[in-house]
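Letter by letter, the chains look like this.
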Amino acid sequence: MVTRGHDAGQFDQASLSRPSRASHTWRGAENQETSMTETFDSPNLHMAAPSVYLDLWVWIRLARAANGAPREASDTAVLTAVRDASAAGVVFPLSATHYTEIGKITDPRQRADVARIMASVSHCRTVRSRRVLLRHQMLHAMHVSFGRPAFRPSPPRVLGIGAAWALVGERAPLVLRGPSGRVDMDTVPELRDLLRKANQYAEFQLLAGPRDEEIEDLRRLGYRPEAMREVTRSRLEWEETYAGMLADDPISRHELRVRIQAREILHEHYELLQELLAEYRIDLHREIGLDPGRPRSGRPRMTAFADRMPSVRIAVDLKAALFSNQTKAWTVNALFDVDALGMAVPYCHVVVPDREMANLLSRSKAGPRTGTRIVTRLRDLPGELADLQARIHPADGGSWDADWAAPDEDFCTDMEDLRALARRRPAA
């Protein structure tokens, strides 16, 4: 359905109230039509090692198969193929969204079962935090769109280890400290394996979360899981409010997508945009060719700039499709899916989302545009894994995590295994 657009002033006051040059740019660009191109300059963001992103529902299915209760008969074969691919060098990275979503599983035993299969397959390797990766994407979009920075920005390392890498972009391992401070492990090589296994177990525990009997003590130390729920609820209300506006005053699909672009930049990435504009002294109005006498004149360049960030474009396309379906309410799961897929699709070679999101990704051509395979049926995953394994070379993955997990060892998810290793270690 093609209908009239919202009044620009009404839209700005309701959902784009940011007093900045960036927000004025979007306001001046509200109602001019523009065409979307599939051929703009975009970097290949895939990580070096063959990689597969599994949505949480897949990990839950694999956990059930590992416990001898597969939901479908084919799940056992899928689990075997996933384990074999992981041992061969295919990476199954986790994301920040995984750490948030798994916390929604209320049964500690089920949560531990899911975390155990996730840790044993992924080795708790993770995709770097969204802010770090979006900074590179935004810099690249500025370089292509505005010529500043003058250099093509170097990509950051994407694949890392642990929850801290996924959440803040830095590795934060456990270290051994003595009376004089941090201990150099070269001086106590007999403890190196024990510390490595302790780190593995710690990462598994971060995934599994606390047991019920541990929560009271953790709260005294500052543990407050409801803080994340409050943030999530606020984000959900942001989308629900706009869905209500659209129901009262519909707009065309094209106009909707541009509005979603504006909301995504200003609500999710506003601080980063302002930081980079200031750092590189970019006058956004000038760079997009905004003429004060023609308020709509900056829209084509601004929308092209936004679409040059692959993660932003994927999130915009998914949200636009969700808003277009006014018969379906927004959910927390939809928010998490958009977050996860916006990062997974540009950086991983194969992605396994749920059926709804796979269909939406297919409609927007996100897979072909990024060179990523979107798997719509779990039973088809083994075939994709065989193709990835055929592309593995001995150097894939490098030696950056050689101190983390050897290909032929079991990842430590059991405290008793850790205690047994401590008892076996040679005396200093």
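Structure first, text after, so check above.
Considerations on the overall build of the protein
Link 1 in the chain: What the protein contains, in helices and strands, is 21 helices and seven strands.
Link 2 in the chain: Going through the 428 residues of the protein one by one, you find that 49% of them count as buried.
Link 3 in the chain: Restricting to contacts in the protein with at least 6 residues of sequence separation, those with at least 24 account for 78%.

Comments concerning unusual backbone geometry
Link 1 in the chain: The omega torsion of the bond from R148 to P149 falls at 0°, within 30 degrees of zero and hence cis.
Link 2 in the chain: Residue C124 is not a glycine yet carries a positive backbone phi of 55°.
Link 3 in the chain: Considering the arrangement of structural elements, one finds C124 in the loop between α6 (108–122) and β2 (125–127).
Link 4 in the chain: A positive phi angle, close to 60°, is found at K365, a residue other than glycine.
Link 5 in the chain: Counting through the fold element by element, K365 comes out in the loop between α18 (355–364) and α19 (366–370).

Let's talk about empty space enclosed by the protein
Link 1 in the chain: If you walk through the whole model with that rule in mind, you get three cavities of 30 Å³ or more.
Link 2 in the chain: Of the pockets and cavities examined, the largest cavity occupies roughly 80 Å³.
Link 3 in the chain: Every residue lining the largest cavity is listed: R130, L134, E264, H269, S311, V312, A315, V338, D339, G342 and M343.
Link 4 in the chain: Among the elements of the structure, α7 (130–146), α16 (310–324) and α17 (332–347) are those that each provide at least two residues to the lining of the largest cavity.
Link 5 in the chain: For the lining of the largest cavity, the element with the most residues is α17, which contributes four residues.

Overview of the packing of helix α12 (residues 253–268) against helix α15 (residues 299–307)
Link 1 in the chain: Where α12 contacts α15, the axes come no closer than 10 Å and their chain directions differ by 65°. The angle between α12 and α15 places the two elements in the roughly perpendicular class. By crossing handedness, the relation of α12 to α15 is classed as left-handed. Facing H254, E255, R257, V258 and Q261 of α12, the residues of α15 in contact are R299, T303, A306 and D307.
Link 2 in the chain: Taken together, the residues of the contact of α12 with α15 break down into two nonpolar, three polar and four charged.

Considering helix α4 (residues 74–88)
Link 1 in the chain: With 15 residues, α4 extends 21 Å between its outermost C-alpha atoms, agreeing within 8% with the 21 Å of an ideal straight helix rising 1.5 Å per residue.
Link 2 in the chain: For α4, the set of buried residues is D75, V78, L79, A81, V82, A85 and S86. Summarising the axial view, the buried residues of α4 lie within an arc of 165°, below the 170-degree limit, and thus occupy one face.
Link 3 in the chain: Taken from the residues just after α4, G89 is the one with a positive phi, measuring 120°.

Details of the sheet that holds strand β7 (residues 373–374)
Link 1 in the chain: The strand order β1-β6-β7 describes an open sheet built from three strands, whose pairing is parallel. Both outer strands of the open sheet, β1 (52–54) and β7, are each paired with one neighbouring strand and no more.
Link 2 in the chain: Across two bridges, strand β6 (residues 350–352) lies against β7 in parallel orientation. Note that in β7 the partner of V351 across the bridge is I374.

As for the pattern of salt bridges
Link 1 in the chain: One pass over the structure, following the stated rule, counts 38 salt bridges.
Link 2 in the chain: Between R377 and D380 there is a salt bridge, and its shortest N-O distance comes to 2.9 Å.
Link 3 in the chain: On the basis of relative accessible area, R377 is assigned to the partly exposed category, the value being 40%.
Link 4 in the chain: The partly exposed category is assigned to D380, whose relative accessible area is 30%.
Link 5 in the chain: Through salt bridges with shared partners, a single network forms among R219, R224, E226, R229 and E230.

Some thoughts on the packing of α16 against α17
Two measures define how a pair of helices packs: the angle their axes make with one another and the distance between the axes.
Link 1 in the chain: Contact geometry for α16 and α17: axes closest at 8 Å, N-to-C directions at 145°. Of the two possible hands of crossing, α16 and α17 adopt the one that is right-handed. Residues P310, S311, I314, A315, L318, K319 and L322 of α16 lie in contact with α17, whose contacting residues are A334, V338, L341, G342, M343, V345, P346 and Y347.
Link 2 in the chain: Residue composition of the contact of α16 with α17, grouped by class: 12 nonpolar, two polar and one charged.

Side note on the side chain of E255
Link 1 in the chain: Locating E255 in the fold gives a position in helix α12.
Link 2 in the chain: At 2.9 Å, the side chain of E255 and the side chain of R259 are in polar contact.

Details of α17
Three or four residues apart is the spacing at which side chains of an α-helix point the same way, because the helix has 3.6 residues per turn.
Link 1 in the chain: With 16 residues, α17 should cover 22 Å at 1.5 Å per step; its first-to-last C-alpha distance of 23 Å lies within 8% of that length.
Link 2 in the chain: Of all bends in α17, the biggest is about 30°, found at L341.
Link 3 in the chain: Of all 16 residues making up α17, 14 are buried, and the element is well covered by its neighbours.

What counts and how
The written sequence of each chain sets the order in which its residues are numbered from 1. Given that this is a predicted model, residues contribute local features only at a pLDDT of at least 70 and side-chain atom pairs are listed and counted only at 80 or more, while totals for whole chains, interfaces and linings are drawn from all residues. Only heavy atoms go into the side-chain values, all of them from the structure, while hydrogens and water stay out. Numbering of helices and strands runs from the N terminus, with a helix taken as a DSSP run of H or I at least four residues long and a strand as a DSSP run of E at least two residues long. Burial classification: accessible surface area is computed with a 1.4 Å probe over protein chains only, and a residue below 20% of its type maximum counts as buried, one above 50% as exposed, and the rest as partly exposed. We call two residues in contact when some of their heavy atoms are within 4.5 Å. Think of a 1 Å grid over just the protein atoms. A cavity is a set of points where a 1.4 Å probe fits yet cannot get out, a pocket is an open set with protein on both sides within 12 Å along at least five of seven lines, and lining residues have an atom within 4 Å of a point. Grid points are joined across faces, edges and corners, and a volume is the space filled by probe spheres set on the points. To obtain each axis, a line is fitted to C-alpha atoms, and for helices this fit is confined to the stretch in contact; angles are then taken between N-to-C directions over 0 to 180 degrees. These descriptions rest on fixed angle ranges, namely under 35 degrees for roughly parallel, over 145 for roughly antiparallel, 65 to 115 for roughly perpendicular, and the rest for oblique. For any pair of crossing helices, the crossing counts as left-handed if the nearer helix is rotated counterclockwise from the farther one by less than a right angle, and right-handed if it is rotated clockwise. Residues are grouped as follows: Ala, Val, Leu, Ile, Met, Phe, Trp, Tyr, Cys and Pro are nonpolar; Asp, Glu, Lys and Arg are charged; every other residue, Gly included, is polar. An expected span of 1.5 Å times one less than the residue number is assigned to each helix. In this description, one arc is meant: the one made by directions from the helix axis to the C-beta atoms. When DSSP locates at least two bridges between a pair of strands, those strands are taken to pair. Any carboxyl oxygen of Asp or Glu that lies within 4 Å of a side-chain nitrogen of Lys or Arg is treated as forming a salt bridge with it. Between N or O atoms, a polar contact is any pair within 3.5 Å; within protein, one atom must be a potential hydrogen donor and the other a potential acceptor, and residues adjacent in sequence are included only when both atoms are from side chains. Two axes enter the bend calculation: one fitted to the seven residues ending at the residue in question, the other to the seven starting there, and the bend is the angle between them.

Nothing here speaks to function; it is geometry throughout.
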